[in-house]
Amino acid sequence: MDAFAMGDYGAYVWSCYALAAIVVIVSEWRARVRHKRVYRDIEVRIKALEDH
Amino acid sequence: MDTQREIPGIFAGMLAVIRRDLLLAWKRPGDMLNPLFFFAMVSTLFPLGTGPSAEQLEFSGPGVLWVAALLAMMVSLNTLFLQDHEDGSLDQLLVSPQPLPALALGKTIAHWITSGLPLVLVTPIVAVAYRMTVDVIGVLLLTLALGTVSLSLLGAVGAALTVGLHRATALLSLLILPLAMPILIVGAGAVSLAASGEGLSGGVFFLAAYAIGALSLAPFATAAALRISNE
Amino acid sequence: MWKFLHQLASPPHFYRLSIKFIPWLMLPAVVLIGYGFYGGLILAPPDYQQGDAFRIIYIHVPSAYLSMMAYMVMAIAGGIGLIWRMKLQHAVAAAVAPIGAAFTFLALATGSIWGRPMWGTWWEWGDPRMMSELILLFLYFGYMALRAAIDDTAKADKASAVLALVGAVNVPIIHFSVEWWNSLHQGQTVMKGAMDPEMLYPLLATIVGFTFLFGAMLLRRIRTEVLFRERRTRWVKEMILSEEGDK
């Protein structure tokens, strides 16, 4: 548990690592969501055109 | 019959642009006074906010005056290409046979004459109110003169990029401010040094070098930006 | 080899090939970051001056490094796109901006958090590196704001490329000027000093590891950007019609 406490600096150190994880995860998640949305929008439009 | 007139050269073109802008500014003095009023207002607000004690004034003077000058320049930059964009003269500039960077430089020079120079001339009055001594004011004027030149040059690039855009004013400020920070930092720093008795310092050389660098590069960037925004 | 690179510059080829690269970037990223964190958090002994707080360095330094590298990528890609008119480069520039801004924010936040136990304040105006990072964040915001304000994609590409280049020239100037100012006002000194190998090697590992991660994140975003820009082309249409349920 000493490793966890980081000699009183625990809150500071771990909040930084947590922040990094959050930034990377949120960034990746948003990127994937956007990609899916773009792909789906194009797909819908192309399918709609094909059906004519 | 000599129907072919010689096309004016680079300098002639640049001078023509400068002369036109100065004439226009002369006819609408409001545009010139706006930044000056802004400068005076900001310089007045600070002591009202922080208290008028002598130490406070002497301490904050260089920084406050520099920030006020920077903001005043930002206010004036919005109109650099706006009028020309609206009345079609910008298109004329774009198709002129003279090199666009030269014409862009002409506009920038005219802008400095109508915005930067008046600022520098008005500053001593305000500086005295901030209890600055003559030698410090000298350094202040020198740094401001160099700094406003750089700001006009850099600001022209920003103005060219944002001309005609929705909410161009706020966008222009956002674009220019990070670039203006080194000028502010060094300029105010140099004046602070002078105030604490160090006299002329390396900061002035930095500002001069920056101005020269901007002078040689910014017109080309401005010209490129003008072409991009108006194609 | 040249043909491969040449092909890579074409959007459809890039799109098809890049999906394969991503796992090859993520793997080294995970390994290196994993080793770096293990070495930095568990193996390395506490610092003489800073105790365990120095371990923030394994997040802070890679973030700061990436924030600058991303800006260079943005400026260079924009420049290449502007001068050689390569569509893909503009897509790269557009894609890297939010990532760069994210890492800049991370560098600032971790720097601030690190500063609290070290200097006693959440923010130190005199620190050259933090000021440079802050200004860099504004540069990113300006870039993204300019892109957002221009509707026409090609115009936005070129305008933001000019802006990125002007900013890139200014970044070293900004850093230098803040350092000069800091030396005047005798600001607090930054975390300096020689490093133990036990601290250094994990740090290098995290820097390289995060760079691989950055590459993977970037590739993903470039793909989306390319897909969006090319949405009306034939190759996109054929690809979508021939693939059902792909990402």
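Remember, it's a predicted structure, so these values are computed and weren't measured experimentally.

**So, the overall build of chain A**
Then step 1. Scanning chain A from terminus to terminus reveals two helices and zero strands.
Then step 2. Out of the 52 residues belonging to chain A, those deemed buried represent 12%.

**Considerations on the overall build of chain B**
Then step 1. Within chain B one finds nine helices and zero strands.
Then step 2. Starting at the N terminus and ending at the C terminus, chain B contains elements arranged as α-α-α-α-α-α-α-α-α.
Then step 3. Taking 231 residues into account, the globule formula puts the C-alpha radius of gyration at 17 Å, and chain B, at 19 Å, falls close to it.
Then step 4. Overall size of chain B, expressed as C-alpha extent along the three principal axes, is 75 × 35 × 30 Å.
Then step 5. Buried positions account for 47% of the 231 residues belonging to chain B.
Then step 6. Taking contacts inside chain B between residues at least 6 apart in sequence as the whole, the part at least 24 apart equals 80%.

**Here we look at the arrangement of the chains**
Then step 1. The interface with the highest contact count, out of two pairs of chains in contact, is the one between chains A and C.
Then step 2. With no contact between them, chain A and chain B keep their nearest C-alpha atoms 24 Å apart.

**Regarding the nonpolar core**
Then step 1. In this structure, B:A69, B:A225, C:I56, C:M74, C:V96 and C:V162 are the most contacted members of the largest nonpolar core, which totals 153 residues.
Then step 2. Take this core: its biggest share by element is 18 residues, from helix α4 (residues 87–119) of chain C.
Then step 3. Ignoring sequence-local partners within four residues, the contact set of B:A69 consists of B:F39, B:L119, B:L144 and B:T148.

**Re unusual backbone geometry**
Generally, phi is negative for residues other than glycine and the peptide bonds are trans, each holding for most cases.
Residue and element names in this part refer to chain B.
Then step 1. Look at R131: it is not a glycine, yet its phi comes out positive at around 60 degrees.
Then step 2. Its location among the elements puts R131 in the loop between α6 (100–129) and α7 (134–162).
Then step 3. R131 sits in the exposed class, given 12 other C-beta atoms within 10 Å.
Then step 4. Notably, R167 is not glycine yet its phi reads approximately 55 degrees, a positive angle.
Then step 5. By C-beta crowding, R167 is classed as exposed, having 11 other C-beta atoms within 10 Å.

**Examining the interface of chain C and chain B**
Then step 1. On the side of chain B, 21 residues touch chain C, which itself brings 24 residues to the contact.
Then step 2. For the side of chain C that touches chain B, the secondary-structure elements that each account for two or more residues are α5 (128–149) and α6 (153–185) of chain C.
Then step 3. Tallying contributions element by element places α6(C) first for the side of chain C that touches chain B, with 15 residues.
Then step 4. Class assignment of the residues belonging to the side of chain C that touches chain B gives a composition of 18 nonpolar, four polar and two charged.

**So, the interface of chain C and chain A**
Then step 1. Counting residues at the interface gives 31 residues for chain C, matched by 24 residues for chain A.
Then step 2. Those elements that place two or more of their residues in the side of chain C that touches chain A are α4, α7 (197–229) and α8 (234–242) of chain C.
Then step 3. With nine residues, α4(C) is the largest single contributor of residues to the side of chain C that touches chain A.
Then step 4. Along the lines of polarity and charge, the residues of the side of chain C that touches chain A split into 19 nonpolar, three polar and nine charged.

**Quick word on the environment of B:G138**
Then step 1. With respect to the helices and strands, the residue B:G138 is situated in helix α7.
Then step 2. When the C-alpha positions of B:G138 and B:P124 are compared, they lie 8.7 Å apart, and in sequence the two are 14 residues distant.

**Re the packing of helix α2 (residues 10–50) of chain A against α8(C)**
Then step 1. Direction vectors running N to C along α2(A) and α8(C) enclose 90 degrees, while the axes themselves pass 10 Å from each other. In terms of orientation, α2(A) lies roughly perpendicular with respect to α8(C). Between α2(A) and α8(C), the residues in contact are A:I42, A:E43 and A:I46 and C:V236, C:K237, C:I240 and C:L241, respectively.
Then step 2. Partitioned by chemical class, the residues of the contact of α2(A) with α8(C) number five nonpolar, no polar and two charged.

**Considerations on helix α2 (residues 11–43) of chain C**
All names here are of chain C.
Then step 1. Between its terminal C-alpha atoms α2 stretches 45 Å, which fits the 48 Å expected from 33 residues at 1.5 Å a residue.
Then step 2. At S18, α2 shows its largest kink, close to 35 degrees.
Then step 3. Every buried residue belonging to α2 is among P11, F14, A29, L32, I33, G36, G39 and G40, and all of these are buried.

**Points about α7(B)**
Residues and elements named next belong to chain B.
Then step 1. With 29 residues, α7 extends 40 Å from end C-alpha to end C-alpha; this agrees with the ideal 42 Å at 1.5 Å per step.
Then step 2. Counting buried positions along α7 yields 24 of 29 residues, so the element is predominantly enclosed.
Then step 3. Residue G164 follows α7 closely and has a positive phi angle near 80 degrees.

**A closer look at the packing of helix α8 (residues 168–195) of chain B against α5(C)**
Then step 1. Orientation of α8(B) relative to α5(C), taken along the N-to-C sense of each, is 155 degrees, at an axis distance of 9 Å. As the angle between them shows, α8(B) and α5(C) are arranged roughly antiparallel. By crossing handedness, the relation of α8(B) to α5(C) is classed as left-handed. In contact with B:L171, B:L174, B:L175, B:L177, B:P178 and B:M181 of α8(B), α5(C) contributes C:I135, C:F138, C:L139, C:F141, C:G142, C:A145, C:L146 and C:A149.

**Quick look at the environment of C:F210**
Residues and elements named next belong to chain C.
Then step 1. Secondary-structure assignment places F210 in helix α7.
Then step 2. Judged by C-beta crowding, with 26 C-beta atoms within 10 Å, F210 ranks as buried.
Then step 3. C-alpha of F210 to C-alpha of V30: the two residues are 180 residues apart in sequence and 8.6 Å apart in space.
Then step 4. With residues near it in sequence (within four places) discarded, F210 still touches I33, P62 and L66.

**Let's talk about the confidence of the model for chain B**
When pLDDT drops low, the exact placement of atoms in the prediction is not to be read closely.
Residue and element names in this part refer to chain B.
Then step 1. When pLDDT is averaged along chain B, the result is 90, and 98% of the positions lie at 70 or above.
Then step 2. Put simply, helix α4 (residues 82–87) is where chain B has its lowest mean pLDDT, 85, and α7 is where it has its highest, 95.
Then step 3. Taken together, the chains of this predicted complex give a pTM of 0.90 and an interface ipTM of 0.89.

**Quick word on the environment of C:G81**
Residues and elements named next belong to chain C.
Then step 1. Inspection of the secondary structure assignment puts G81 in helix α3 (residues 57–84).
Then step 2. Between the C-alpha atom of G81 and that of A94, which follows or precedes it by 13 residues, the distance is 11 Å.
Then step 3. When sequence neighbours within four positions are dropped, the list of residues in contact with G81 reads M86, Q89, H90, A93, D157 and A161.

Each value, and the rule that gives it
- Residues numbered from 1 in each chain as written.
- Chains lettered and ligands numbered in written order.
- Predicted model: local features only at pLDDT ≥ 70, side-chain atom pairs only at ≥ 80, totals over all residues.
- Helix = DSSP H or I, 4+ residues; strand = E, 2+ residues; numbered from the N terminus.
- Buried ≥ 20, exposed ≤ 12 C-beta atoms within 10 Å, placed from the backbone.
- Rg over C-alpha atoms; globule rule 2.2 N^0.38 Å.
- Contact = placed C-beta atoms within 7 Å.
- Core = buried A, V, L, I, M, F, W, Y, C linked by C-beta atoms within 7 Å.
- Nonpolar A, V, L, I, M, F, W, Y, C, P; charged D, E, K, R; others polar.
- Axes fitted to C-alpha atoms, helices over the stretch in contact; angles between N-to-C directions.
- Parallel < 35°, antiparallel > 145°, perpendicular 65-115°, else oblique.
- Expected span 1.5 Å × (residues − 1).
- Bend = angle between axes of the 7 residues up to and from the residue.
- Left-handed = near helix turned anticlockwise from the far one by under 90°.
- pLDDT = per-residue confidence, 0-100.

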